[in-house]
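# Fold and geometry: a report
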Amino acid sequence: MDKKKLRAWVGAWPGVVEDLKWKEVTVFSVGGRMFCACRLQGPEPGGLSFRVEDERFLELTERPGFRPAPFLARAHWVNVLQPGRVPAAELQALLRRSYELIRARLSKKLQRELAD
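Presented here is a report on the structure given in the accompanying data block. What you see is a predicted model, and the numbers here were worked out from it, not measured in a lab.

Turning next to the packing of helix α1 (residues 3-10) against helix α3 (residues 88-104). Between α1 and α3, the least distance of the axes is 10 Å, while the angle of their chain directions is 60°. If you check the angle between α1 and α3, you find them oblique. Between α1 and α3 lies a crossing whose hand is right-handed. Contacts from Leu-6, Trp-9 and Val-10 in α1 reach Ala-88, Leu-91, Gln-92 and Leu-95 in α3.

Here it is, written out as structure tokens:
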């Protein structure tokens with residue numbers, strides 16, 4: 001996954017902030033909470049991790065190319081090692097849903113401030 005494409009997909013959503021964590025992972029957050037992480041360097045570059053609904057976690061992790069996200073699986077995050085193999089429309093929808101799940105857990109006041 002290239003950072004420019006990922007930024008184009010998620011960067012315009014209300015309240016999205018991009019930063020670098022752990023020296024090699026680009027993270028996109030809303031209201032200070034991560035909803036998407038992409039490793040651009042180091043081991044397994046290009047991998048993309050994001051939050052999914054509890055009900056979809058098992059479904060997605062049983063699909064080829066998806067796995068539980070290291071360190072975040074207990075919070076129902078999945079990891080896609082080769083995002084280019086997932087249809088772009090599906091991947092965009094999964095990222096948007098991750099954003100919505102995280103945004104829904106923000107305070108009502110912050111959610112109102114981020115109204116689209």
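Further remarks concern the pattern of salt bridges. The full count for this structure, using the stated rule, is 9 salt bridges. The partner of Glu-24 in a salt bridge is Arg-39, with the nearest N and O atoms 2.1 Å apart. Here Glu-24 is found in the loop between β1 (16-21) and β2 (25-30), whereas its partner Arg-39 is found in strand β3 (residues 33-39), with 15 residues between them in sequence. Among the ionic pairs, Arg-97 bridges to Glu-53, the shortest N-O distance being 2.6 Å. Here the residue Arg-97 occupies a position in helix α3, and Glu-53 occupies one in the loop between β4 (48-51) and α2 (54-61), the gap between them amounting to 44 residues. By relative accessible area, which is 31% here, Arg-97 ends up partly exposed. Within the structure, one salt-bridge network assembled from shared partners comprises Glu-53, Arg-96, Arg-97 and Glu-100.

By the burial criterion, the buried members of α1 are Leu-6, Trp-9 and Val-10. Seen from one end, α1 has its buried residues packed into an arc of 75°, which puts them on one side. Away from its buried face, by an angle of more than 90 degrees, α1 presents the exposed residues Lys-4 and Ala-8. Where the residues of α1 are buried, they touch β1, β2, β3, β4 and α3.

Cut-off values and rules
Along each chain, the written sequence defines residue order, and numbers are assigned to residues from 1. Whole-chain, interface and lining totals are the exception, using all residues; otherwise, since this is a predicted model, local features are given only for residues with pLDDT of at least 70 and side-chain atom pairs are given and counted only at 80 or more. As a rule here, side-chain values cover all heavy atoms of the structure and leave hydrogens and water aside. Where helices are involved, their axes are fitted lines through C-alpha atoms of the stretch in contact, as for all axes, and angles between N-to-C directions lie from 0 to 180°. In this description a helix means any DSSP run of H or I spanning at least four residues, a strand means any run of E spanning at least two, and both kinds are numbered starting from the N terminus. Orientation labels follow simple angle bins: below 35 degrees gives roughly parallel, above 145 gives roughly antiparallel, 65 to 115 gives roughly perpendicular, and whatever is left gives oblique. The sense of a crossing depends on the near helix, which, turned anticlockwise from the far helix by less than a right angle, makes the crossing left-handed and, turned clockwise, makes it right-handed. When checking whether two residues touch, look at their non-hydrogen atoms; a contact exists if any pair is within 4.5 Å. The salt bridge definition used is simple: a Lys or Arg side-chain nitrogen within 4 Å of an Asp or Glu carboxyl oxygen. Think of it in three bands: with a 1.4 Å probe and only protein chains considered, a residue is buried below 20% of the maximum accessible area for its type, exposed above 50%, and partly exposed in between. Each direction from the helix axis to a C-beta atom contributes to the arc, which is the arc of those directions.

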